[in-house]
Amino acid sequence: MKKLVCAGEILVEIMAERIGQSFLAPGPLVGPFPSGAPAIFIDQAARLGQPAGLIAAVGDDDFGHLNIERLRADGADISAIKVHRGAATGTAFVTYEADGSRHFVYNIKQSAAGLIEIGAEARALLAGADHFHVMGTSLFSPEVIEVARNGIEAVKARGGTVSFDPNIRKEMLDLPGMRDALHFVLSKTDVFLPSGPELFIFAKATDEESAVREMLGRGISTVVVKKGADGAVHYDQTGRTASPGFAVDEIDPTGAGDCFAAAFVSFWLRGATAEKALSIANGCGALAVTKKGPMEGIASLAAVEAFIKTAKTGAP
Ligand code: ATP
């Protein structure tokens, strides 16, 4: 089976227990939960039985080891996760508002995550990789952008493929080197996975079909537009396939996009039909939101297949 690799931040997420609770006063917290978009992506792929490895850096602390142990237990290749003495693993503290919005207090850039590099272990992992997945959120410094460039080039040199989940806010476009980095990543992308509004950051057109056609015209072979509870739409040169979301009670939306992307890319690499890849991906995305904690809803292949058999589509 094809091996996929991703690079980027590992962190823990600690959340306010109650909806509407603020960090401006002491209050009960839940966590730490293992997190970091690349870690969520790799963990979900591994749980589906896809060979998958992560290039990352953590501190030699409980938060770092919590993540490494979860990834190891779930079958991911952790050989290129470097443990740094004297650096701390990143943290994200999260509060939830009644309208479903989230507020984050991050410590990532100054954490061990910023020490990511292509060392001997990462080179060895990339030497056996068939696919590299890039996330916009992981391109937060010139160092991590360089790691992504190295990953893409190593995998492409072996005849492999690249997927890109932009997961980017407009303000991030003005970070140093970001526009060049995005241009480079898009020029190498085979599978592009924007959520609805992100598509229009990259395309000039103002309607979805035309924007997707623009992206397909740039050498991208497959575009999948994620639509939250409504599921997702797949486009390639042969046409359009829409797949509705599964009805679940949403407890915590963090990680749904990464679980969806991991499942879609894993089944795309297996040569599955658009319908099959979308169904598994929508199943993984739906299950991801049913638990508190970004990785707690990650399902095995058997669990997601069982869920899909009985789940209803559409709003709960
Ligand atoms: P995030 O950045 O919050 O991880 P995203 O914006 O990249 O997510 P979404 O479109 O929110 O991506 O979610 C990805 C997929 O997860 C959806 O296409 C859908 O399959 C599933 N999903 C997300 N939210 C729900 C929900 N409330 N109910 C059912 N499925 C959901």
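Counting starts from 1 at the beginning of each chain's written sequence and moves along it residue by residue. Selection of residues for local features in this predicted model requires a pLDDT of at least 70, selection of side-chain atom pairs for listing and counting requires 80 or more, and totals for whole chains, interfaces and linings are taken over all residues. Calculated side-chain values reflect all of the structure's heavy atoms, with hydrogen atoms and water omitted.

A short note on the packing of aromatic side chains
Two aromatic rings from Phe, Tyr or Trp, using only the six-membered ring of Trp, form a pair when their centres are within 6.5 Å; if the ring planes differ by under 30 degrees the pair is stacked, by over 60 it is edge-to-face, and anything between is tilted. Counted according to the given criterion, the structure contains six aromatic pairs. Relative to Phe 93, the ring of Phe 23 has its centre 6.2 Å away and its plane inclined at 90 degrees; by these criteria the two rings are edge-to-face. Of this pair, Phe 23 sits in the loop between strand S2 (11-16) and strand S3 (29-35) while Phe 93 is found in strand S6 (residues 90-96), placing the two residues 70 residues apart along the sequence. When the centroid spacing of 6.2 Å and the interplanar angle of 85 degrees are considered together, the rings of Phe 164 and Phe 202 count as edge-to-face. Note that Phe 164 is positioned in strand S9 (residues 161-165) and Phe 202 in helix H6 (residues 199-202), a separation of 38 residues in sequence. Grouping residues by exposure puts Phe 164 and Phe 202 together as buried. Only DSSP runs of H or I covering at least 4 residues are called helices, and only runs of E covering at least 2 are called strands; the numbering of each starts at the N terminus. To sort residues, take the accessible area from a 1.4 Å probe on protein chains only and compare it with the maximum for the residue type: under 20% means buried, over 50% means exposed, and anything in between is partly exposed.

Some remarks on the sheet that holds S3
Strands pair, by our definition, only if DSSP identifies at least two bridges between them. The strand order across the open sheet formed by four strands is S3-S2-S6-S7, and the pairing between neighbours is mixed. The two strands at the open ends of the sheet, each matched to only one other strand, are S3 and strand S7 (102-107). Strand-to-strand twist in this sheet, taken as the mean axis angle between neighbours without regard to direction, amounts to 20 degrees. The sheet contact formed by S2 and S3 spans five bridges and is antiparallel. What sits directly across from Glu 13, in S3, is Phe 33. Only heavy atoms matter for contacts: two residues are in contact if any of them lie within 4.5 Å across the pair. Lines fitted to C-alpha atoms define the axes here, with helix axes fitted over just the stretch in contact, and angles between the N-to-C directions of these axes take values from 0 to 180 degrees. This element, helix H2 (residues 62-73), spans S2, S3 and S6 of the sheet and lies at about 55 degrees to S3.

Looking at helix H5 (residues 178-188)
Looking only at H5, the buried set comprises Met 178, Ala 181, Leu 182, Phe 184, Val 185 and Leu 186. The inward-facing, buried residues of H5 contact strand S8 (131-135), helix H4 (142-157), S9, strand S10 (191-192), H6 and helix H7 (208-216).

Section: the pairing of S2
Burial of S2 is extensive: six of the six residues sit out of reach of the surface. Sheet analysis places S2 next to S6, joined by five bridges and oriented parallel. Within S6, the position partnered with Glu 13 by the bridge is Ala 92.

A closer look at the site of the ligand
Near the ligand, the surroundings consist of 20 residues, among which Lys 226, Gly 228, Gly 231, Glu 250 and Asn 282 are the closest. Between Lys 226 and the ligand, the recorded distance is 2.9 Å, taken from a side-chain N or O atom to an oxygen atom. Under the convention used here, a 1.4 Å probe and the Shrake-Rupley method define accessible areas, while residue burial counts only the protein chains that appear. When the free accessible area of the ligand is taken as 630 Å², the share hidden by the protein chains comes to 87%. Taken together, the elements giving at least two residues each to the shell around the ligand come down to helix H8 (256-269) and helix H9 (274-288). Among the residues making up the shell around the ligand, the classes are represented as eight nonpolar, eight polar and four charged. For this description, a residue counts as near a given molecule or strand if any of its non-hydrogen atoms is within 4 Å of it. What qualifies as a polar contact is a pair of N or O atoms within 3.5 Å, subject to a donor-acceptor requirement within protein and to the restriction that residues adjacent in sequence count only when both atoms come from side chains. Side-chain classes are defined by residue name, with Ala, Val, Leu, Ile, Met, Phe, Trp, Tyr, Cys and Pro counting as nonpolar, Asp, Glu, Lys and Arg as charged, and the others, Gly among them, as polar.

Regarding H4
The length a helix should cover is 1.5 Å for every residue beyond the first. The end-to-end C-alpha separation of H4 is 22 Å, in line with the 22 Å expected for 16 residues at 1.5 Å each. All of the buried residues along H4 are Val 144, Ile 145, Val 147, Ala 148, Gly 151, Ile 152 and Val 155. Each buried residue of H4 lies within a common arc of 155 degrees when the element is viewed along its axis, so the set occupies one face. H4 presents Pro 142 and Ala 157 as exposed residues on the side facing more than 90 degrees away from its buried surface. Close packing links the buried residues of H4 with strand S1 (4-7), helix H3 (120-127), S8, S9 and H5. At the exit of H4 stands Gly 159, carrying a positive phi of roughly 80 degrees. The arc in question is the one traced by the directions running from the helix axis out to the C-beta atoms.

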